[in-house]
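In case you want the letters, here they are:
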Amino acid sequence: MNTVKCIKLGQQLEALDRAPYPGELGQKILSNVSKQGWKLWLEYQTMLINENNLNLMDSNAQSYLKEQMDKFFFSKEDVDDIQGYKPNE
């Protein structure tokens, strides 16, 4: 099993099998994000898509999600809040 020091979870965890996104960003994710970290993004992305009624065929929606994904893993900037989402306390 290949492992990676997950930038999101701060632990040595199981690595992704392949780049989950094309290009340089995909390679950066492959090198720095675990399967568990990627799962967190997929859950968050689903909420973003649903809450914002994003059309994934729209290039603006695709650009927005790419920007949010980059922030989610690699930026000190906060990702957008999901309207209507209330985490369990």
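On a predicted model such as this, the values are computed, not experimentally measured, just so you know. (Residues numbered from 1 in each chain as written. Predicted model: local features only at pLDDT ≥ 70, side-chain atom pairs only at ≥ 80, totals over all residues. Heavy atoms only, no water.)

Re the nonpolar core
Logical step 1: Counting residues in each nonpolar core, the largest one holds 14 residues, and the members touching the most others are Ile 29, Trp 38, Trp 41, Tyr 44, Leu 48, Met 69 and Phe 73.
Logical step 2: The set of elements that each furnish at least two residues to this core consists of helix H1 (23–32), helix H2 (35–51) and helix H3 (59–74).
Logical step 3: The element best represented in this core is H2, accounting for 5 residues.
Logical step 4: Other than its neighbours up to four places away in sequence, Phe 73 contacts Ile 7, Lys 8, Ile 29, Val 33, Gly 37, Trp 38 and Trp 41. (Core = buried A, V, L, I, M, F, W, Y, C linked by side-chain atoms within 4.5 Å. Buried < 20%, exposed > 50% of the residue type's maximum accessible area, 1.4 Å probe, protein only. Helix = DSSP H or I, 4+ residues; strand = E, 2+ residues; numbered from the N terminus. Contact = heavy atoms within 4.5 Å.)

Side note on the side chain of Lys 71
Logical step 1: Inspection of the secondary structure assignment puts Lys 71 in helix H3.
Logical step 2: On the basis of relative accessible area, Lys 71 is assigned to the buried category, the value being 14%.
Logical step 3: Not counting chain neighbours up to four residues away, the residues in contact with Lys 71 comprise Glu 77, Asp 78 and Val 79.

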